[in-house]
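One letter stands for each residue in the lines below.
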Amino acid sequence: LIAGLNERGYSITTPVAHRGERSGIVCFEHRDHDSAMLQEHLSAAKVIVSLRGDVIRVSPHFYNTETDIERLLDALPVQGG
């Protein structure tokens, strides 16, 4: 998830620099896309995320598959798009 978001130009706002700081929650934003609109877009694509302030929060769990993560990433608008 983190690598895919970075590849697509999204900024990760949760601590990720050191593996010991990471949790199961990943928050992100994009300078070109309003987070509220991103949440609505993902919801319309049947991808469940939460809007927390100005960031999108994803809480993947053991029951999520790699396909679920790919679906989320594929549903995100591309940079500048």
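Per-chain numbering applies: the sequence of each chain, read as written, is numbered from 1 onward. For a predicted model such as this one, the threshold for reporting local features is a pLDDT of at least 70, and the threshold for listing and counting side-chain atom pairs is 80 or more; totals across whole chains, interfaces and linings nevertheless cover every residue. Remark: hydrogens and water are excluded; side-chain values derive from all non-hydrogen atoms of the structure.

**Some points on the side chain of Thr 14**
You can see Thr 14 is positioned in the loop between β1 (11-12) and β2 (26-29). The term polar contact refers here to a pair of N or O atoms within 3.5 Å; inside protein, the definition further demands a hydrogen-donor-capable atom paired with an acceptor-capable atom, and it admits residues adjacent in sequence only when both atoms are side-chain atoms. A polar contact of 3.4 Å, which involves the side chain of Thr 14, links it to the backbone nitrogen of Cys 27. Residue contacts for Thr 14: discarding those within four places in its chain leaves Ile 25, Val 26 and Cys 27. Numbered from the N terminus, helices here are DSSP runs of H or I no shorter than four residues, and strands are runs of E no shorter than two. Two residues form a contact once any of their heavy atoms are found within 4.5 Å.

**What to know about the packing of aromatic side chains**
We call Phe, Tyr and Trp rings a pair once their centres come within 6.5 Å, taking the six-membered ring for Trp, and we label the pair stacked below 30 degrees between planes, edge-to-face above 60, and tilted otherwise. In the structure shown here, the tally under the stated rule is two aromatic pairs. Ring centres of Tyr 10 and Phe 28 lie 5.5 Å apart, and the angle between their planes is 85 degrees; on these two criteria the pair is classed as edge-to-face. One end of the pair, Tyr 10, is in the loop between α1 (2-7) and β1; the other, Phe 28, is in strand β2, and 18 residues separate them in sequence.

**Considerations on the confidence of the model for the protein chain**
Taken over all residues, the pLDDT of the protein chain has a mean of 90, while the share at 70 or more is 96%. Summary of the metric used: pLDDT quantifies the predictor's per-residue confidence within the range 0 to 100. The weakest mean pLDDT in the protein chain belongs to α1 at 93; the strongest belongs to strand β4 (residues 55-58) at 96.

**Regarding the sheet that holds strand β3 (residues 50-52)**
Any two strands with at least two DSSP-identified bridges between them are counted as paired. Pairing within the open sheet is antiparallel, and its four strands lie in the order β1-β2-β4-β3. The sheet is open, and its two borders are formed by β1 and β3, each paired with just one other strand. Bridging between β1 and β2 involves two bridges; their strand directions are antiparallel. Among the inter-strand pairings, Ser 11 is bridged to a residue of β2, identified as Glu 29. Set on the sheet, helix α2 (residues 35-44) makes contact with β2, β3 and β4; between it and β4 the angle comes to about 40 degrees. Axis definition: a line fitted to C-alpha atoms, limited for helices to the stretch in contact. Angles are taken between N-to-C directions and run from 0 to 180 degrees.

**Remarks on unusual backbone geometry**
Phi is positive for Lys 46, close to 65 degrees, though the residue is something other than glycine. Within the element layout of this structure, Lys 46 appears in the loop between α2 and β3. A residue is classified by how much of its surface remains accessible, and Lys 46, at 65% relative accessible area, is exposed. Throughout, exposure labels follow a simple rule: accessible area from a 1.4 Å probe, protein chains only, divided by the maximum for the residue type, with under 20% read as buried, over 50% as exposed, and the rest as partly exposed.

**A short note on α2**
The complete set of buried residues in α2 reads Ser 35, Leu 38 and Leu 42. Seen end-on, α2 carries its buried residues on one side only, within an arc spanning 55 degrees. The outward face of α2, more than 90 degrees from its buried face, is lined by the exposed residues Met 37, Glu 40 and Ala 44. For α2, the N-terminal cap is Asp 34; the gap from its side-chain oxygen to the backbone nitrogen of Ala 36 is 3.2 Å. Directly after α2, the chain includes Lys 46, whose backbone phi takes a positive value near 65 degrees. Here, the arc refers to the directions that run from the helix axis to the C-beta atoms.

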